[in-house]
Amino acid sequence: MSKRWFLLWILLLNLLYGQSQQVELLANSVVKNGDLIEAQGDVLVYSERYVITADRGTYNQATGDLKLYGNVSLLRGEYESTQSEEVSINLRTDEGEYLPFFYYDQRSDLWMQCNSAFSGPLYFMSKNAITSSCNVQDPDWKISFSEGRLNRETSFVHLYNTLFYVGDIPLFYLPYFAFSTDKTRRTGLLTPKVGFGAKEGLFYEQPIYFAPRHNWDLELSPQIRTERGNGLYGTLRFVDSPKSQGAITAGIFNEQSAYARKENLKNDSHYGLEVEYQRSQLIS
């Protein structure tokens, strides 16, 4: 059987679980031998999770195994895309293998490149790969690693035996490194600030971010200076209309008695309050 842009609908792919899934397969030439379907030329596969193009491919109706070869471009969901030369995916289990593997996440601009990778419904794994969010051809920075895993549910990347590069120059090594690819506002710890001064000693500040609502958030920043004292600063940011927004910042810092006497400070406690409010088109 051979037709230009042959259209085939396959139903009841998940018989084992009593579920069904629709798959649309288009190609210049399609041949069916039993449960095996072979497609040649401008192959397009469309399912509930994927949109895939390739030069040729096969699909087994009995097992749910889809194999694609040559210039395989895959779009999973709205944001994930991959480029490979050979891809094997089981449409029932959502498990796949990619040879080689180039991955791009539109939400975070993160890309990853390696010789082979494996994926499942909630993750994908790669070995001996590099990753970055800069220009693919000549990235300003990149990270190489021996093994990595991206958890799609938590949006966390876990990397092992990582080597950080600026350009092509290796800077430092970490046995383990993890980071989030989720750029949405959410409650959690922000990047800490660390320093050291001859008079104030070790300085450490740990911002804590709270985002309970879409129109306001709160950032608390407790800090300690080992030879001077400790304090707490907080900023409440809010948007009360499409044309106005504001921020309220307050803070307190307590000096150690010995430091206050040594520096001849008038007060050993300091307080502050700042209020900002902006409104555009006040008169329109």
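Keep in mind it's a predicted model, so treat the numbers as computed, not measured.

Caption draft 1: Just the packing of aromatic side chains, in detail. Scanning the model with the defined rule gives ten aromatic pairs in all. Plain terms: the ring middles of phenylalanine 102 and tryptophan 111 are 6.0 Å apart, the flat faces sit at 20° to each other, and that makes the pair stacked. With a relative accessible area of 2%, tryptophan 111 lands in the buried category. Among the aromatic residues, ring-to-ring pairing joins Tyr98, Phe101, Tyr103 and Phe124 into one connected group. Cation over ring: arginine 56 sits above tyrosine 69, and NZ or CZ is 4.4 Å from the ring centre.

Caption draft 2: Quick look at the side chain of serine 132. Within the secondary structure, serine 132 sits in strand β12 (residues 123-132). One polar contact links the side chain of serine 132 to the main-chain amide nitrogen of cysteine 134, over a distance of 3.1 Å.

Caption draft 3: Just the pairing of strand β22 (residues 244-255), in detail. Bridge count between strand β21 (residues 229-241) and β22: twelve bridges; the pairing is antiparallel. Paired with leucine 232 across the bridge in β22 is isoleucine 252. Between β21 and the antiparallel strand that follows it, β22, lie two residues. Where β22 lies against strand β23 (residues 269-279), eleven bridges are found, and the strand directions are antiparallel. Pairing of isoleucine 252 across the sheet is with tyrosine 271, part of β23.

Caption draft 4: Local environment of the pattern of salt bridges. The tally for this structure, following the rule as stated, stands at ten salt bridges. Lysine 193 is the salt-bridge partner of glutamate 205, the closest N and O atoms lying 3.7 Å from each other. One end of the pair, glutamate 205, is in strand β18 (residues 201-205); the other, lysine 193, is in strand β17 (residues 193-197), with twelve residues separating them in the sequence. Look at glutamate 205 and you get buried, because its relative accessible area is 9%. Relative accessible area serves as the criterion here: at 48%, lysine 193 is assigned to the partly exposed category. Between aspartate 217 and arginine 237 there is a salt bridge, with the nearest N and O atoms lying 3.0 Å from each other. You can see aspartate 217 sitting in strand β20 (residues 216-225) and its partner arginine 237 sitting in strand β21, a full 20 residues away along the chain. What emerges from the salt-bridge pattern is a single network uniting Glu200, Arg225, Arg228 and Glu255.

Caption draft 5: Highlighting the pairing of β18. Direction of pairing for β17 relative to β18: antiparallel, over a ladder of five bridges. Each residue of the ladder has a partner; that of glycine 197, found in β18, is glycine 201. Adjacent in sequence and paired antiparallel, β17 and β18 are bridged by three residues. Pairing between β18 and β20: three bridges, direction antiparallel. Within β20, the residue paired with tyrosine 204 across the bridge is isoleucine 224.

Caption draft 6: Focus on the confidence of the model for the chain. Mean pLDDT over the chain stands at 86; residues scoring 70 or higher make up 92%. When pLDDT is averaged over each helix and strand of the chain, the minimum, 41, is found for strand β1 (residues 6-10) and the maximum, 96, for β22. Counting interchain partners and residues more than four positions distant, the pLDDT-below-50 stretch residues 1-20 has 53 contacts.

Caption draft 7: Up close: the nonpolar core. Core analysis: the largest hydrophobic core is formed by 35 residues, its most contacted members being Val45, Ile52, Leu68 and Ile89. Residues within four places of isoleucine 89 in sequence aside, it is in contact with Tyr50, Ile52, Gly64, Asp65, Leu66, Leu74, Glu95, Gly96 and Tyr98.

Caption draft 8: Up close: the state of the cysteines. Evaluation of the coordinates by the stated rule reveals zero disulfides. Counting only cysteine sulfurs, cysteine 134 is the nearest neighbor of cysteine 114, a cysteine outside any disulfide, at a range of 19 Å.

Caption draft 9: Broad picture of unusual backbone geometry. A cis geometry characterises the amide bond from leucine 99 onward to proline 100, with omega recorded as -25°. Inspection of the secondary structure puts proline 100 in the loop between β8 (95-99) and β9 (101-105). With phi around 50°, aspartate 42 is a residue other than glycine that occupies positive phi space. Examined against the element boundaries, aspartate 42 turns out to sit in strand β4 (residues 36-46). In this structure, serine 155 is a non-glycine residue whose phi angle is positive, near 60°. For serine 155, the location among the structural elements is in the loop between β13 (141-151) and β14 (156-166). The class for serine 155 is buried, based on a relative accessible area of 13%.

Conventions we followed
Residues numbered from 1 in each chain as written. Predicted model: local features only at pLDDT ≥ 70, side-chain atom pairs only at ≥ 80, totals over all residues. Heavy atoms only, no water. Phe/Tyr/Trp six-rings, centres within 6.5 Å; stacked < 30°, edge-to-face > 60°. Buried < 20%, exposed > 50% of the residue type's maximum accessible area, 1.4 Å probe, protein only. Lys NZ or Arg CZ within 6 Å of the ring centre and 35° of its normal. Helix = DSSP H or I, 4+ residues; strand = E, 2+ residues; numbered from the N terminus. Polar contact = N/O pair within 3.5 Å; in protein donor to acceptor, adjacent residues only side chain to side chain. Pairing = 2+ DSSP bridges. Salt bridge = Lys/Arg side-chain N within 4 Å of Asp/Glu carboxyl O. pLDDT = per-residue confidence, 0-100. Contact = heavy atoms within 4.5 Å. Core = buried A, V, L, I, M, F, W, Y, C linked by side-chain atoms within 4.5 Å. Disulfide = S-S within 2.5 Å.

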